[in-house]
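What the coordinates show
Next come the chains, spelled out residue by residue.
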Amino acid sequence: MNKLDICVIFGGVSSEHSVSLVSATTVIKSLDKSKYNIHMIGITKEGEWRLFTGEADEVIDFDRDCNKYAHAIISPDRSDRGIIVLSNDGIQKIKIDAAIPAMHGRNGEDGTIQGLFELAGIPYVGPGVIGSAICMDKCVAKIMFKAAGIPQANWVEVRTDSNGNYDESKLDEIEEKLGYPCFVKPSNAGSSVGISKASNRDELKAGLAAAAPHDRKILVEEAVNAREIESAVLGNENPVCADIIGEIVPAAEFYDYDAKYADENSKLLMPAPISAEATERIRNYALAAYKICECKGLSRVDFFMDKETGEIKLNEINTLPGFTSISMYPKLWEKSGVEISALLDKLIECAMAD
Ligand SMILES: Nc1ncnc2c1ncn2[C@@H]1O[C@H](COP(=O)(O)OP(=O)(O)O)[C@@H](O)[C@H]1O
Ligand SMILES: [Mg+2]
């Protein structure tokens, strides 16, 4: 069997740039080398594209070392169907059968790079332009969840101008509809960047000021006293949700950036110690959310479960979830019987079948 030429793309102009480097390292190490020729493109924090030719363990130092590598881009020209390398020796073309964006957040998970792959005619892992864009924008995603009748925390959307100013009457609306405590989040961000919890009007204002630099649209949501439950969905037209559902027990008060990536005391419980009935309900909501948001390939669908009432509320969909060796998405599939190399095979199959 001929090997497939796969391009793993990592980094990018995103607040989750460094998480992407860790995910890419795992993806590169886990891809079955007997099936795939692996090509790699790194995108610096500033947005420079390079053909990465180092070892998997060197991905983490890509930004520091980027001048070692030749400039390279994905050509939007369908007759190229791949990478164009611009080195001192001239132009070289590399044909690609499929791409894996091992990227998170803006410019990787939001439909932008997906649009480039569409133009290029290159199959790629994960949801398309519309699914990626819907799930990246928390406010838009909530409108879709509502349309599907899936329970979620109440929310208010706040728009700011380019200076971060907003209509002050929004503060009254938030206090009336949601009360305190509430969570303040940039609508388009990720990895808990710019997110805070507010317990009074001063904190709410401070939270809005902290979120505003990340996005002109801010989501304010009622706080749920919640356990954090995560599910793993895979597939295109007939997606499946992994049998095993996970629970995260954050080391911090909420699952902030440090608790996610720096604090080793955050625990993953697999399976989540919840009833079979709650597990089924979550799996069904996960599939319904995946479908209404036009997801394909993969997504991690995250829920809150009220600590007192047991009520389940959909939180968000991550279309390109963390893919480190300790990340929930690959772990849930591993526990459900699909180890990471086989999972990547399935994801590439999904990409090429679409
Ligand atoms: N409404 C809420 N109630 C309670 N905790 C919340 C709420 N919204 C967010 N959080 C906490 O903040 C974390 C990050 O929020 P989330 O919406 O998942 O954004 P991100 O895209 O950054 O992961 C959650 O995992 C949870 O710990
Ligand atoms: Mg989250």
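Computed from a predicted model, the values in this text were never measured in an experiment. (Residues numbered from 1 in each chain as written. Chains lettered and ligands numbered in written order. Predicted model: local features only at pLDDT ≥ 70, side-chain atom pairs only at ≥ 80, totals over all residues.)

1. Some points on the overall build of the protein
Here is the rule: Per the convention used, a helix needs a DSSP run of H or I reaching at least four residues, while a strand needs a run of E reaching at least two, with both numbered from the N terminus. Counting other C-beta atoms within 10 Å of its own, a residue is labelled buried from 20 upward, exposed at 12 or fewer, and partly exposed in the gap between, with every C-beta atom placed from the backbone.
Counting its regular elements, the protein contains eleven helices and 17 strands. Expressed along its principal axes, the backbone C-alpha trace of the protein runs to roughly 65 × 50 × 35 Å. When burial is assessed residue by residue, the protein has 45% of its 354 residues classed as buried.

2. Quick notes on the site of ligand 1
The following threshold applies: Proximity of a residue to a molecule or strand is defined by its backbone-placed C-beta atom lying within 6 Å of that partner. Under the scheme applied here, ten amino acids are nonpolar (Ala, Val, Leu, Ile, Met, Phe, Trp, Tyr, Cys and Pro), four are charged (Asp, Glu, Lys and Arg), and all others, including Gly, are polar. The domain boundaries here were taken from an automatic or database domain assignment.
The local shell around ligand 1 holds 18 residues, among which Phe183, Ser192, Val224, Phe254 and Tyr255 are the closest. Tallied by class, residues from the shell around ligand 1 come to nine nonpolar, four polar and five charged. Residue assignment places the shell around ligand 1 across two domains, with domain 2 (134-152 + 225-353) and domain 3 (155-222) each supplying three or more.

3. Topic: helix α7 (residues 201-211)
Which entries qualify depends on this criterion: Starting at the helix axis, one direction is taken to each C-beta atom, and the arc is that of these directions. Contacts are defined on C-beta atoms placed from the backbone: any two residues whose C-beta positions lie within 7 Å are in contact.
Taken residue by residue, α7 has Leu204, Gly207, Leu208 and Ala211 as its buried positions. Taken end-on, α7 shows its buried residues confined to a sector of 100°, consistent with a single buried face. Tucked into the core, α7 has its buried residues touching β8 (155-159), α6 (169-177), β9 (182-186), β10 (196-198) and β11 (217-222).

4. A short note on the sheet that holds β10
Going by this rule: Strand pairing is assigned whenever DSSP detects at least two bridges linking the two strands. Only the stretch in contact is used when fitting a helix axis, every axis being a line fitted to C-alpha atoms; angles between N-to-C directions are given from 0 to 180 degrees.
Taken in spatial order, the four strands make up an open sheet running β8-β11-β9-β10, and their pairing is antiparallel. Strand pairing shows two members of the sheet lacking a second neighbour, β8 and β10, which therefore form its edges. Strand-to-strand, the axes of this sheet are offset by a mean angle of 25°, without reference to chain direction. The pairing of β9 with β11 spans five bridges and is classified as antiparallel. The residue bridging Val184 from the neighbouring strand is Val220, located in β11. Taken strand by strand, α6 contacts β8, β9 and β11, and its axis lies near 170° from that of β8. Sheet strands touched by α7: β8, β9, β10 and β11. Its angle to β9, the strand with the most contacts, is close to 15°.

5. Side note on the pairing of strand β6 (residues 90-95)
Of the pairings in the sheet, the one linking strand β5 (residues 82-87) to β6 comprises six bridges and is antiparallel in character. In the sheet register, Gly82 faces β6, and the bridge partner there is Lys95. Two successive antiparallel strands, β5 and β6, enclose a turn made up of two residues.

6. Focus: helix α4 (residues 129-136)
With six of its eight residues buried, α4 lies for the most part within the structure. If you check which residues of α4 are buried, you get Gly131, Ser132, Ala133, Ile134, Cys135 and Met136. On its buried side, α4 packs onto α3 (112-120), α5 (138-147), β16 (297-306) and β17 (312-318).

7. Brief notes about unusual backbone geometry
Following Tyr180, the chain continues into Pro181 via a peptide bond in cis, with omega recorded as -5°. For Pro181, the position within the fold is in the loop between α6 and β9. Pro271 follows Met270 through a cis peptide bond whose omega is 0°. Tracing the backbone shows Pro271 in the loop between β15 (267-269) and α9 (276-292). One non-glycine residue, Asn107, adopts positive backbone phi at about 65°. With respect to the helices and strands, Asn107 occurs in the loop between β7 (98-102) and α3. Accessibility expressed as a C-beta count within 10 Å gives 20 for Asn107, which makes it buried.

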